[in-house]
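Spelled out, the chains give:
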Amino acid sequence: MEEPTTQQAMKAKELVRKEQEDLMEELSQMVFANGGGSSQNTENSFVLLDEENQHTNVSSLINCEHKFIEAYISALGDAYQKSRKRVVEQQKFMSNFYLLVTSEEPLIDSDGERLAKTSCYISAMYKNLVQLKNDVTNMFEAIRQIKSEGNSNVFQLHNSFGFQRIWRQAAEVMYMFVAVDHIANTFPNLGKQLAQYQLKLRQKINNEGTVEEKMKYTENGIAQEEAHKMIMQGGFFRAYYESNSGEIDKCPIFAREMALALQEMLENWEKFFKDSGKSDDRLFCRITAMTVFYYHHFYNFVDVSFIKKVVHAAKKVPFCRWIAEEIFVPLEFLRFEISSKKVFDGKLVTHCKKMVEDARNYGKGQELELVKEIKTYCQYAVTWTEEFKSKKREMDRGPNNLAQWGLDVSELFLKLIRILNHLVRNFFLLIRSIRSEEEFHVLKMDKTTQITICTTIETIKIVENVVLKHWRIVDEGAFLARQQWRKHLLRIMEDAKKSYVGSKNKIKVEEIAKLSLFHIAESQLVGEMNPSKNLAFNLAYEFGRLDLHVSGSDKQQVQDLMSRLDDFNCPRGLLERAAYTGLIVTDRTVMITYFDTMFQRRPDENCIKAFTSAIGGCLKASVATGHNDVILRQFRTIVEQTLFAEMVTKVDTDLRLLSNPNLKIGR
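Residues numbered from 1 in each chain as written. Predicted model: local features only at pLDDT ≥ 70, side-chain atom pairs only at ≥ 80, totals over all residues. Heavy atoms only, no water.

Peer 1: Quick rundown of the nonpolar core? Include the residues and the values.
Peer 2: The biggest cluster of nonpolar side chains holds 191 residues, and the ones touching the most others in it are Phe140, Trp167, Phe237, Met258, Met290 and Phe543. Here this core gets 16 residues from one element, more than from any other, and that element is helix H14 (residues 402-434). Of all hydrophobic cores here, the second largest spans 6 residues; its members include Phe319, Val329, Ala359 and Leu429. (Core = buried A, V, L, I, M, F, W, Y, C linked by side-chain atoms within 4.5 Å. Buried < 20%, exposed > 50% of the residue type's maximum accessible area, 1.4 Å probe, protein only. Helix = DSSP H or I, 4+ residues; strand = E, 2+ residues; numbered from the N terminus.)

Take a look at the structure:
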């Protein structure tokens, strides 16, 4: 046989490469077609728009006689709305960022293309964080102007104005900054690789670059280096609280207002903890982040007694899980950032170190209890699915009481969110407990744990797919519930306004401002609610302290209804965050386990589609960060070495048996 020519060999090699690319593309499409780990299935659904983008400018919703109140609510509302959208974007950045820093393969490749994409991604996240910082500064400046204009006749209500929603949003942003720093400090390898990449790039430009390339690098490259340094060295939050914020820094009135806002948030957290016996972890993380900001940024005005209250409360919170299996010990964070001996004595430091050690070892030796609880919640999810299908059948027949049906569907939906949140939390704690201390990407588990992990992923995605397939039920239920909550709120506000107008104790100079705020609040409750109208109502209600004129029995109802409207202005976002499993399959061990146990478990088609949907979420994140080729290559290798290898072995065995004339094989 003649040896092929060089040209023929190159052509054959190109055909093989093309065939491999086609296979990878087909594999990618297969995974993405199953939902990709996010709420993309719109079958039987008339929801065509992204609910989080159904906003209007708050300024267009505000119209009242008191023009200064109108101006400030409009300014605060628009700044808050921009910040809220950027927080949602940052949550996506964070998930992708975590996937990036925990990548098993090194990110440096031969041509640097992958690392260049990663570099651009880090810069985009940095830009979003800077915009968030500016949004918070704008909101703070508006509050400072209102609160420091006490001598003006225009601001008769300046002492009683409330901004709780604004403060909570600012605390949420600070919490995001802390989370970015935590992840960067926990996984420093990416930062080192980016620093090497930037150093080589700078040297190459300086040694070999043209004048034009050097100018371009000066304009863009240096800024990119600064972004990488700020993000990957874990110092963004510190840089923020040490930065200059203009007039805000010299204003003791603003510092006192921040302390009062933190005090109110802490009291709300303590009340919830006392009533339910559970900690609102996310709220407490916000409180600790803003407390550290308050302590450092307003050091000359700080109230140390309040800092001690927060530290004392932190002893009640063993840890918070904020992304995947990463945990956050609030007391340790406070000790690290506030090293004052007036706050942390030796006894408290010892207690803090013990809490950190307990949190680090949480779940170790308790895997059986975690597995049992996960199985219980998986069963809850299956039961919930039957309840949901029952509500669908009821809708198909025509419910006897449509209004009650809408309320039932909304409560059922929130029940699912609670089930999924608890299921995902315990899942990641289980992963954390079985992770090898020597090798991050190795999980040590027995057969029971393996099957539990596989079943959990399938259950989460199956339930999500059922909901998405019949999303019309959730959307119609939410619409009916929103109408009832809106009308109930409107009735309460009308009664409160009548009570205020008929009161003999009202202050005359406040009347125009109060009535303007009542008008703003009531006007938002006319017609269908959307996120912008809901925000405008909340701001007017808190801004004017309208709760002072609401009867005692209705005050808690107003808070509950506002919370419900917040949730159901974007139910798809709630479901997407609760059922997001893209981070679950980042571990090679999890994927190997799934395909290794397939012949033993024999999952049906729906279960297999559910798992590929989870893989799709991981792939979508990897596309954003620029290392999807790594994930696809890893996925393909795992499938070949597990599922395909097992299938080939079984087929080979069957063929050997069939070809043996001495064996009688029944048909």
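Peer 1: I'd like a description of the pattern of salt bridges, backed by residues and values.
Peer 2: In this structure the tally under the stated criterion is 27 salt bridges. The residue glutamate 325 makes a salt bridge to arginine 435 at a minimum N-O spacing of 2.6 Å. Here the residue glutamate 325 occupies a position in the loop between strand S1 (320-323) and strand S2 (326-328), and arginine 435 occupies one in the loop between H14 and helix H15 (447-469), the gap between them amounting to 110 residues. Across the salt bridge formed by lysine 391 and aspartate 408, the nearest N and O atoms sit 3.3 Å from each other. Of this pair, lysine 391 sits in helix H13 (residues 367-397) while aspartate 408 is found in helix H14, placing the two residues 17 residues apart along the sequence. By relative accessible area, which is 16% here, lysine 391 ends up buried. Members of the salt-bridge network, linked through shared partners, are Lys392, Asp396, Arg472 and Glu476. (Salt bridge = Lys/Arg side-chain N within 4 Å of Asp/Glu carboxyl O.)

Peer 1: How would you sum up the layout of surface pockets? Please name residues and give values.
Peer 2: Considering only enclosed or pocket space, the second largest pocket measures out at about 1000 Å³ in volume. Taken together, 32 residues form the lining of the second largest pocket, with His182, Thr186, Glu326, Ile327 and Arg360 sitting closest to its centre. Element by element, the count of residues in the lining of the second largest pocket is highest for helix H4 (residues 164-186), at 5 residues. A class-by-class count of the residues in the lining of the second largest pocket yields 12 nonpolar, 7 polar and 13 charged. (1 Å grid on protein atoms, 1.4 Å probe; cavity = no way out; pocket = protein on both sides within 12 Å on 5 of 7 lines; lining within 4 Å. Points joined across faces, edges and corners; volume = space filled by probe spheres on them. Nonpolar A, V, L, I, M, F, W, Y, C, P; charged D, E, K, R; others polar.)

Peer 1: Break down a nonpolar patch on the surface for me, citing the residues and quoting the values.
Peer 2: On the surface, Val651, Leu655 and Leu658 cluster together into a nonpolar patch covering about 300 Å² of accessible area. Its place among the elements puts valine 651 in helix H24 (residues 628-659). Overall, the relative accessible area of 47% leaves valine 651 in the partly exposed class. (Patch = residues over 30% accessible without salt bridge, like charges linked within 9 Å, V, L, I, M, F, W, Y side chains within 5 Å. Areas by Shrake-Rupley, 256 points an atom, 1.4 Å probe, with all protein chains shown as cover.)

Peer 1: So, the packing of aromatic side chains: which residues are in play, and what are the values?
Peer 2: In this description, a pair of aromatic rings is defined by centroid distance and the angle of the planes. Evaluated as defined, the whole model comprises 33 aromatic pairs. Summarising the aromatic geometry, the rings of phenylalanine 177 and tyrosine 240 are spaced 5.3 Å apart at their centres and angled 80 degrees between planes, so their arrangement reads as edge-to-face. Within this pair, whereas phenylalanine 177 is found in helix H4, its partner tyrosine 240 is found in helix H7 (residues 236-241), the two being separated by 63 residues in sequence. For tyrosine 240, a relative accessible area of 3% gives the class buried. Summarising the aromatic geometry, the rings of phenylalanine 537 and tyrosine 541 are spaced 5.9 Å apart at their centres and angled 20 degrees between planes, so their arrangement reads as stacked. Taken together, the positions of phenylalanine 537 and tyrosine 541, both in helix H18 (residues 531-543) and 4 residues apart, correspond to about one turn of that helix. You can call phenylalanine 537 buried: its relative accessible area is 0%. (Phe/Tyr/Trp six-rings, centres within 6.5 Å; stacked < 30°, edge-to-face > 60°.)

No statement about biological role is implied by the geometric values presented.
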